[in-house]
Every structure is written in C-alpha cells, then in structure tokens.
Amino acid sequence: MKQGFFEIIENTALTASVYRMRLAGDTSDITASGQFVNIALSGKFLRRPISVCDVEDGVLTIIYKVVGAGTAQMAAMAVGEKLDVLTGLGNGYDLAPAGDRPLLLGGGVGVPPLYNLAKRLIAAGKEVTVILGFNKADEVFYRDEFAALGANVIVATADGSMGVKGFVTDALPTDYTYFYTCGPEPMLRAVWRATKTSGQMSFEERMGCGFGACMGCSCKTLTGNKRICREGPVMRKEEIVWEG
Amino acid sequence: MGRLNVNLCGIELDNPIIPASGTFGFGYEFAELYDINCLGTFSFKGTTRDPRFGNPTPRIAECTAGMINAVGLQNPGVEKVIAEELPKMRQVFHKSVMANVSGFSVEDYAYTVEKLNACPEIGWFEVNVSCPNVHGGGMSFGTSPAAAAEVTRAVRRVTDKPLLIKLSPNVTDIVAIAKACEDAGADGISLINTLLGMRIDLRTKRPVIANKMGGFSGSAIFPVAVRMVYQVANAVKIPVVGMGGVTTAEDVIEMMLAGATAVQVGAANLVNPYACRDIIRDLPAVMDKYGIETLKSIIGGCK
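Helix and strand content of chain B: 10 helices and 15 strands. Taking 2.2 N^0.38 as the reference for a compact globule, 303 residues should give roughly 19 Å; the C-alpha atoms of chain B span a radius of gyration of 18 Å, in line with that estimate. When its C-alpha atoms are laid out on the principal axes, chain B stretches across 50 × 50 × 40 Å. Sorting the 303 residues of chain B into buried and exposed places 57% on the buried side. For chain B, the share of sequence-separated contacts (at least 6 apart) that also reach a separation of at least 24 residues comes to 72%.

Here is the structure:
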C-alpha cells in the first residue's frame, strides 16, 4: 500500500454514465491485475474504492460509473486536478493456474479489471476469450480495446441489442481451461454455477478503509474469514461461501 | 521529558496520541506505512472470549463528516489474539499497548482480561462497555451505573494493570456512570464510543447497514465528545482519555483543555492512514501558535 498524489490526465465519458480517468503518479505499488485504488474526494468522508483497469509507466487507468454524489464529483473533475490515492490495495488475480485458454467474464463495471488481466495473459502467450456483459448496446464499452489486445471478444446484452441475447453465462464457450470473473453478485453466482472449471472471482463490498484496518468488508469463506479489501477482492471459486 | 509527554495512569507516554480500538487492528497494517513507535500507544482491536465474525455486511455507511459502522466486534478470540496477533504486533511495536476488551457477561469480561493480564506487552486495559453493535452485550453494560460498576469490579479483581472503562455516549447521565466506575476501582475513563446512528438508501428504501443501525463516528461527533469529556473530567479524580472525531493537532489540544490526559484518534485513521503520525508531527507548531509550552500543563485547562 502506498499513498500518493495523482494528476488527472484524462477524464472522458465512455457511455452516458461510465467514465475513464487516467492518472499520472507513482504506480509502483500496483503489482497485480485485479487490485484496486482508494480515492479521497474533497467534502466526502470515506474514500472511493475503484478497480484498476490498467497501469503502465506511471499512468493508472480507472473506469467508473456515476452512481452517487462521489462519482458525480469525479466525473466533473478536470484534467490537471490532483487526487489523493491509496494504491496497491487487494490481492489481485493469480495468473498461474490460467492454462492455455483462459476465459474472462465481466459484467458492467466489473469489466475494467479484466483489461489488464487480459493484457498480461496474452503477453504470457495465452489464448484469451473475453465475455463482456451489459444491459443494452449503448452501455457497452471496451469491446474494441479487448479486441486490440488480441482477445476473442464476445458481447452479451440482456435485451439482445448487441451480441448474444442474455447474460454472460448464456455465451459460455465449450472449451476453456480456467476462468476469471468480476461483476455484480447475481452474475458471480450464475458464473459460479455455470462454469465447469476452476476459476477466480472478484467481489465488492462497502468498505471503510480499504486496507484491512476496520473489518468493514469481511466475508466468510471455506478457508476462513477474509477481508475483501485485503485477502480479497479475488477469491478462488472453491473457497466461496454464498450467504442468503 | 519532551513537550508532548503525558503520564497515563502511571505509565509515561511520549505523546498523548493513541489510535482508537477498531481503527488500527493490531498495528501491522499501519506499520507498512510508517514507524508506529512514534505513537503514545495504541488500543488494539476489541477482543472477546470467543472468536466472532461480527455482523452481516454491509457494515459501513458514509455520512456528512463521518461514517457509521456496524462491524460487531469481529475478532479471532482471546486465545488467538495471544497466540497469533500479539507476536505479530511485537515485531512492529515496542511500547506498552492498550488492550481493548469486550464481553457479553460479567464473567466474559473477567475471563478475557485475566487471560490477557499475563501478556507483558499490555500496559493498560480498556474495557469496552459501550459497543452499540452487539445485542445483549457491550452497550447494555455501559448504560447503567450499576452494571458498569459490576463489570469494573469483576475486572479489577483479575488485574493490577491500569484499568480504563470505555463509556458510551448513548446515555442520559454520563457523569453518573463514570463516577460509578471510579468508585468500583477504575483507574481511568475513556470516552466517547460511537453515537448510535442510521442511514436509509433512497433507491432501495432500506437501511444502508444490514444491522440497520450502527455507531456514528468521525469529525461530526467532535463537539459531543468534547462536551462529555469536559463533564466527566470535572466530576472524577481519575484520568480521562478523550476521543470522538479527533482529526487534527488542534482537536487534540481542545480535547486536552476539556480535561483529557490522552487522546484517541479513530475514524480519521481509516480515511488518512497517516492521521496519527501527522497529528504528532503538527503538535509542536500548533502548541507554539497558542503559547503552550507542554501538553501536560493544559489538561483540564478550560474552566
């Protein structure tokens, strides 16, 4: 974990409510795909935890959806403004068990952390298939960016306005060696049931600190209690306990 | 002795800054960021007789100038605290630590304190009779003078270490409870724990927190804390540890003027993990600004 000040070098809308922000600063503590950062906003008490979409040469890319006052404030920020950011939070995805043909499944704002993951897997010589799930065509983002990395990209939309009609689980290929996923909990549950291989799943929860001090985001797993911010957000499929 | 030294129940502190229980774990997350030996001490995560997972999530809600938590005393239980957490803590923290203890019965409190009493790294006990997030325990002991005194007496019997009782602000007469603890043998009082609060999500029309209600903390509660510290410090002879919304060196001085011998910092650590280090760094300059030579000299200085 590191605290640093980052300068906004880009803050653009990808869809009506989803923005991409690129931040320049010390990214040295971001060591794995699937980690997150925690951003302080003026006038807001708690920081905003946001997953890392990509990191390269001192530039951090995040993609966020405007859902409340905090993210609306972020969307209104201009290039050149600075943000206080805690970096290097969370465990991130483990690339080792991917096999030759890993499958990546992302839903909505669960898509961004899969981008850096796809990049690393492709760099390691893997044949990567990505299924991107959205509600409808005008909410789709990063299809072309994943394709540009060299991934096989499948889009699924709930209303059928682009790609496969249905959820990411309606677009599952038959042949894959392992899976990685991030998305809303109902999607994670469906992926957990529908996948035939082992895999890793990234969770979200309301957080206090984001670095393991407050125990605000704890969950039970078959391998003991975990803090989603610290021992997570990525869990192995086999250890997950679904509550409720 | 430096300008920042204070003496808390017979133990000298390099400065009065103490991260509050539940916001600092057992110290090692923060030790990744700075040398936590700069602290006066810290109050470790509330420990109970048995392991506890705590409440269901969501446990956290944001508020204007503060937050609500309903963690519910998640901790690995006293055996594991002694066997696993304290050895890890000792790697990064070399001063006496404050042991925060909670319970669900008078016997629980005494059991846990007796177990921890053998640990030489523990300098003080801070017995929490004020957790708002656990039914049938915690706060129920802190809302009646008789029950708070009963816990104090039971714990007093099993330890000779300095014993602080941590009080809840969710009461009608904080002074009566503090005096009952003093009469029952407490060496100090710490206050305030969180204020019971609640938020409702407008989209779902349901409470944000799974437990519905939780403890409100953060800078918003600072004036309430100053008031209660002032009331208690003027009514008891034993030292008072003040907390509640402390964020800056100025807040520390205000809390000490109200009567606090030492000052805990809670929610601020969760937002700025360097909060305590920064406060300690800032104190000398702020003292200069207000013509304060030593912190000791201002305790209870507001009449």
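Let us keep going from here.
So, about the overall build of chain A. For chain A, the helix and strand inventory stands at 4 helices and 15 strands. Scaling as 2.2 N^0.38, a compact globule of 244 residues should have a C-alpha radius of gyration of about 18 Å, and chain A matches this with 17 Å. Across its three principal axes, chain A shows a C-alpha extent of roughly 50 × 40 × 35 Å. For chain A, buried positions account for 47% of its 244 residues. Relative to all contacts within chain A whose residues are 6 or more apart in sequence, the contacts with residues 24 or more apart total 60%.

With that settled, the discussion passes to the confidence of the model for chain B. Confidence in the prediction of chain B, expressed as mean pLDDT, is 96, and 97% of residues score 70 or more. Predicted complex, confidence summary: ipTM 0.93, pTM 0.95.

Glancing now at the packing of helix α6 (residues 174-183) of chain B against helix α7 (residues 222-233) of chain B. Residues and elements named next belong to chain B. Across the interface, α6 lies against α7 with an axial gap of 9 Å and an inter-helix angle of 50 degrees. Classified by the interaxial angle, the pair formed by α6 and α7 is oblique. Two packed elements cross with a definite hand, and for α6 against α7 that hand is right-handed. Counting all contacts with α6, which are made through I174, V175 and A178, the residues of α7 involved are M228, Q231 and V232. Each residue belonging to the contact of α6 with α7 can be placed in one class, and the counts come to 5 nonpolar, 1 polar and no charged.

The next thing to look at is the interface of chain A and chain B. Chain A puts 20 residues into the contact, and the matching count from chain B is 27 residues. Its residues assigned to classes, the side of chain A that touches chain B shows 10 nonpolar, 6 polar and 4 charged.

This brings us to α7(B). Residues and elements named next belong to chain B. Taking 1.5 Å as the rise per residue, α7 with 12 residues should run 16 Å; its terminal C-alpha atoms sit 16 Å apart, in good agreement. Within the sequence span of α7, burial applies to F222, A225, V226, M228, V229, V232 and A233. Here the buried face of α7 lies against α6, β9 (188-191), β14 (240-242), α8 (249-257) and β15 (260-265).

On to the sheet that holds strand β10 (residues 195-198) of chain B, then. All names here are of chain B. Overall, antiparallel pairing links the 4 strands, which are arranged β4-β5-β13-β10 in an open sheet. Among the strands making up the open sheet, the edge pair consists of β4 (60-63) and β10. The sheet shows a mean angle of 40 degrees between the axes of neighbouring strands, taken without regard to direction. Two strands pair when backbone bridges link them, and β10 and strand β13 (residues 213-217) are joined in this way by 4 bridges, in the antiparallel orientation. The residue of β13 that forms the bridge with M198 is M213.

Attention shifts here to the sheet that holds strand β6 (residues 82-89) of chain A. All names here are of chain A. The strand order β1-β2-β5-β4-β3-β6 describes a closed barrel built from 6 strands, whose pairing is antiparallel. Here the strands of the sheet are splayed against their neighbours by 45 degrees on average, with no regard to which way each runs. Sheet strands touched by helix α2 (residues 112-123): β4 (48-56) and β5 (59-65). Its angle to β4, the strand with the most contacts, is close to 25 degrees.

Next up on the list: α2(A). Because an α-helix packs 3.6 residues into every turn, residues spaced three or four apart end up facing the same way. Residues and elements named next belong to chain A. Here α2 is 12 residues long and its end C-alpha atoms lie 18 Å apart, about the 16 Å a rise of 1.5 Å per residue gives. A large share of α2 lies buried, amounting to 9 of its 12 residues. Every buried residue belonging to α2 is among P112, P113, L114, Y115, N116, L117, A118, K119 and L121, and all of these are buried. Just past α2, the residue G125 takes up positive phi, approximately 85 degrees.

When a strand is regular, its side chains alternate between the sheet's two faces. Residue and element names in this part refer to chain A. Bridge count for strand β13 (residues 218-221) against strand β14 (residues 224-227) is 4 bridges, and the pairing is antiparallel. Directly across from C219, in β14, lies its bridge partner K226. Counting the residues that bridge the hairpin from β13 to β14 gives 2 residues.

The next subject is the environment of B:T248. Residue and element names in this part refer to chain B. Among the structural elements, T248 can be located in the loop between β14 and α8. When the 18 C-beta atoms within 10 Å are taken as the criterion, T248 is described as partly exposed. Along the primary structure T248 and D282 are separated by 34 residues, whereas in three dimensions their C-alpha atoms are 8.2 Å apart.

Another point: the pairing of β4(B). Residues and elements named next belong to chain B. Where β4 meets strand β5 (residues 66-69), 4 bridges bridge the pair, whose relative direction is antiparallel. Paired with E62 across the two strands is M67, which belongs to β5. Two successive antiparallel strands, β4 and β5, enclose a turn made up of 2 residues, where A65 displays a positive phi of approximately 55 degrees.

With that settled, the discussion passes to the environment of B:N269. If you trace the backbone, B:N269 turns up in helix α9 (residues 267-271). When the 24 C-beta atoms within 10 Å are taken as the criterion, B:N269 is described as buried. For the pair B:N269 and B:F30, spaced 239 residues apart in sequence, the C-alpha separation works out to 9.2 Å. Setting aside its immediate chain neighbours within four residues, B:N269 contacts A:A213, B:P19, B:T23, B:F24, B:A275 and B:C276.

Attention now goes to the nonpolar core. Residue and element names in this part refer to chain B. Core analysis: the biggest nonpolar cluster contains 170 residues, and I189, V229, A260 and V263 have the highest contact counts within it. For this core, the element with the most residues is α7, which contributes 7 residues. Residues in contact with V263, not counting those within four places in the same chain, are P16, I17, I18, G242, M243, V246, V252, M255 and M256.

Turning our attention to the domain arrangement of chain A. Residues and elements named next belong to chain A. When the domains of chain A are assigned, the result is domain 1 (2-89) and domain 2 (96-200). Centre-to-centre separation of domain 1 and domain 2, based on C-alpha positions: 23 Å. Listed as interface residues are 14 residues of domain 1 and, on the opposing side, 10 residues of domain 2. Elements with a minimum of two residues in the side of domain 1 that touches domain 2: β4 and β5. It is β4 that contributes the most residues to the side of domain 1 that touches domain 2, 5 residues altogether. When its residues are assigned to classes, the side of domain 1 that touches domain 2 shows 8 nonpolar, 4 polar and 2 charged.

Analysis parameters
Residues numbered from 1 in each chain as written. Chains lettered and ligands numbered in written order. Predicted model: local features only at pLDDT ≥ 70, side-chain atom pairs only at ≥ 80, totals over all residues. Helix = DSSP H or I, 4+ residues; strand = E, 2+ residues; numbered from the N terminus. Rg over C-alpha atoms; globule rule 2.2 N^0.38 Å. Buried ≥ 20, exposed ≤ 12 C-beta atoms within 10 Å, placed from the backbone. Contact = placed C-beta atoms within 7 Å. pLDDT = per-residue confidence, 0-100. Axes fitted to C-alpha atoms, helices over the stretch in contact; angles between N-to-C directions. Parallel < 35°, antiparallel > 145°, perpendicular 65-115°, else oblique. Left-handed = near helix turned anticlockwise from the far one by under 90°. Nonpolar A, V, L, I, M, F, W, Y, C, P; charged D, E, K, R; others polar. Expected span 1.5 Å × (residues − 1). Pairing = 2+ DSSP bridges. Core = buried A, V, L, I, M, F, W, Y, C linked by C-beta atoms within 7 Å. Domains from an automatic or database assignment.

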